[in-house]
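Next come the chains, spelled out residue by residue.
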Amino acid sequence: MNQNDDDTDWMIEDVAQPAGEARADGATAAAASPPWRVLIVDDDVDVHVVTKFSLSNACFQGRRLSFLHAYSGEEALNVLRNTPDIALVLLDVIMETSDAGLHVAREIRDTLHNSLVRIVLRTGQPGQALEHSIILDYDINDFWCKTDLTTRKLFTTVISSLRAYSGQDEANQRAAVLQAELDAARKMLAAVDRHAVIATLDAHGRFAAVNDKFCAVFQFSREELVGADPRLLHAPPYPTDQLADALKALKEGEAWTDVITTWRRDGQEVRLRITVTPDGDGAIIVGSVLQALKKPL
């Protein structure tokens with residue numbers, strides 16, 4: 001790596017605070033966010049020293065850098081296995097073997113299943129054809145020849161990698177929250193599905209879908225119900241006031257709840273407390289059985 005830049009003062013993003021001194025936002029240095037973990041992988045000790053010195057003042061999003069060191073591909077993989085929050089790997093291509101770094105890059109993605117960490121390959125033996133092949137064949141984020149990687153370029157590469165890592169990490173966290181909410185909703189729906197009759201009406205007022213509980217209560221198969229008119233379960237006339245209230249609520253886009261009387265296949269009367277909710281051009285019906293009485297003769 002080239003150190004021909006005049007100085008590294010330009011790399012300081014935030015002025016360092018003395019330990020325990022209050023920050024502008026009222027937080028203290030002790031309560032600051034943890035540093036970004038950067039793993040340097042190279043069999044040359046001097047590369048570790050120079051890299052760490054070049055980035056010693058770097059700061060991104062108010063967080064400094066913390067360096068971990070590995071001197072072989074196998075050592076790098078062990079560090080990655082035991083340290084899941086590494087944000088960036090500065091990875092030498094040629095170490096114990098001529099392709100040790102490439103093996104590490106592939107293991108990170110395929111074996112450790114770590115798609116989040118940013119991987120920047122560095123090599124002391126550049127070759128244009130080889131570089132193009134590596135970029136195409138390996139899931140890496142950047143590739144540099146050490147002689148071209150000045151302190152300024154190294155800083156730019158590291159910060160852009162941390163920015164990408166941070167954005168992806170935030171996206172993953174949001175996705176995890178949404179997945180947890182989705183799982184909770186599915187569990188709740190499964191519980192409702194076991195204890196309530198549920199049906200969906202299409203734009204023509206016919207059954208578009210029914211759950212197993214609906215079929216069991218009314219003694220019709222799903223094939224018999226889907227596409228059928230709800231009058232299959234309740235022949236007109238409907239209670240005038242009740243029907244008017246239901247139609248008015250649905251027309252205004254509001255849910256309607258009341259107790260209705262229906263009949264199942266064998267003629268037994270079934271009373272339900274239902275809620276009908278507009279859903280596009282159709283509606284969703286969710287009901288609970290209140291009682292089932294023999295239809296009077």
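Residues numbered from 1 in each chain as written. Predicted model: local features only at pLDDT ≥ 70, side-chain atom pairs only at ≥ 80, totals over all residues. Heavy atoms only, no water.

(A) Fine view of the overall build of the chain. Of regular secondary structure, the chain possesses eight helices and eleven strands. Out of the 297 residues belonging to the chain, those deemed buried represent 36%. Long-range contacts, defined as pairs at least 24 residues apart, comprise 55% of the intrachain contacts of the chain with a sequence gap of at least 6. Summed over all atoms, the accessible surface of the chain reaches about 17,000 Å², with 53% contributed by carbon and sulfur. (Helix = DSSP H or I, 4+ residues; strand = E, 2+ residues; numbered from the N terminus. Buried < 20%, exposed > 50% of the residue type's maximum accessible area, 1.4 Å probe, protein only. Contact = heavy atoms within 4.5 Å. Areas by Shrake-Rupley, 256 points an atom, 1.4 Å probe, with all protein chains shown as cover.)

(B) Just the packing of aromatic side chains, in detail. Here the structure, examined in full by the defined rule, presents four aromatic pairs. Centroid distance Phe207 to Phe214: 5.4 Å. Interplanar angle 70°. Geometry classified as edge-to-face. Here a set of aromatic residues connected by ring pairs shows up, and it is made of Trp36, Phe60 and Tyr165. Positioned above the aromatic ring of Trp36, the side-chain terminus of Arg63 is 3.7 Å from the ring centre. Lying across the ring of Tyr138, Arg106 places its NZ or CZ 4.3 Å from the centre. (Phe/Tyr/Trp six-rings, centres within 6.5 Å; stacked < 30°, edge-to-face > 60°. Lys NZ or Arg CZ within 6 Å of the ring centre and 35° of its normal.)

(C) View of the environment of Ile274. Among the structural elements, Ile274 can be located in strand β10 (residues 269-279). Each C-alpha atom, one on Ile274 and one on Ile260, is 7.3 Å from the other, the two residues being 14 residues apart in sequence. For Ile274, the residues in contact, after removing those within four places along its chain, are Trp256, Thr257, Asp258, Ile260, Ile285, Val286 and Gly287.

(D) Fine view of the UniProt feature "modified residue: 4-aspartylphosphate" (unreviewed entry) in the chain. Sequence positions flagged by UniProt for "modified residue: 4-aspartylphosphate" (unreviewed entry) are, in local numbering, Asp92. With residues near it in sequence (within four places) discarded, Asp92 still touches Val41, Asp42, Asp43, Gly101, Arg122, Thr123 and Lys146. (UniProt positions renumbered as here; feature names shortened; annotations may be inferred.)

(E) Broad picture of the nonpolar core. Core analysis: the largest hydrophobic core is formed by 25 residues, its most contacted members being Leu39, Val41, Val89, Leu91, Leu121 and Ile140. Of all elements in the fold, only β1 (36-41), β3 (63-70), α2 (73-82), β4 (86-92), α3 (100-110) and β5 (118-123) reach the threshold of two or more residues within this core. The dominant element in this core, judged by the number of residues it contributes, is α3, at five residues. Ala199, Phe214, Phe218 and Leu272 belong to the second largest nonpolar core, which has 23 residues in total. (Core = buried A, V, L, I, M, F, W, Y, C linked by side-chain atoms within 4.5 Å.)

(F) Expanded view of α3. For α3, a buried count of eight out of eleven residues is recorded, marking the element as mostly surrounded by other parts of the structure. Within α3 the residues assigned to the buried category are Ala100, Gly101, Leu102, Val104, Ala105, Glu107, Ile108 and Arg109.

(G) Broad picture of unusual backbone geometry. Positive phi, close to 55°, is recorded for Gln61, a residue that is not glycine. Look at Gln61 and you get partly exposed, because its relative accessible area is 44%. Although it is not a glycine, Gln219 adopts a positive phi angle of roughly 65°. Position of Gln219 relative to the elements: it lies in the loop between α6 (212-218) and α7 (222-225).

(H) Layout of the confidence of the model for the chain. Per-residue confidence for the chain gives a mean pLDDT of 86; residues scoring 70 or more make up 85%. Scored below 50 in pLDDT, residues 5-30 shows 40 contacts in the model against residues more than four places distant or in partner chains. (pLDDT = per-residue confidence, 0-100.)

(I) Quick peek at helix α5 (residues 151-195). A rise of 1.5 Å per residue sets the reference length of α5, with its 45 residues, at 66 Å; its end C-alpha atoms lie 66 Å apart and thus fit the reference within 8%. The set of residues buried in α5 consists of Thr151, Leu154, Phe155, Thr157, Val158, Ile159, Ser161, Leu162, Tyr165 and Ser166. (Expected span 1.5 Å × (residues − 1).)

(J) Here's a closer look at the pairing of strand β7 (residues 197-201). With four of five residues buried, β7 is to be regarded as a mostly interior element. In this sheet, strand β8 (residues 207-210) lies alongside β7 in antiparallel orientation, the contact comprising three bridges. Bridge pairing links Leu201 to Phe207 in β8. The turn linking β7 back onto β8 is made up of five residues, and Gly205 within it adopts a positive phi angle of 80°. (Pairing = 2+ DSSP bridges.)

(K) Focus on the packing of α2 against α3. Contact geometry of α2 with α3 gives a least axis separation of 9 Å together with a crossing angle of 25°. The pairing of α2 with α3 is recorded here as roughly parallel in orientation. With respect to the hand of their crossing, α2 and α3 are arranged in right-handed fashion. Between α2, through Gly73, Ala76, Leu77 and Leu80, and α3, the contact on the second element is made entirely by Val104, Glu107 and Ile108. (Axes fitted to C-alpha atoms, helices over the stretch in contact; angles between N-to-C directions. Parallel < 35°, antiparallel > 145°, perpendicular 65-115°, else oblique. Left-handed = near helix turned anticlockwise from the far one by under 90°.)

(L) Structural detail: the sheet that holds strand β2 (residues 59-60). On the basis of which strands lie adjacent, the open sheet formed by six strands has the order β2-β3-β1-β4-β5-β6 and mixed pairing. Since the sheet does not close on itself, it has two edges, and those belong to β2 and β6 (142-145), each with one partner. The pairing of β2 with β3 spans two bridges and is antiparallel. Along β3, the bridge assignment pairs Cys59 with Arg64.

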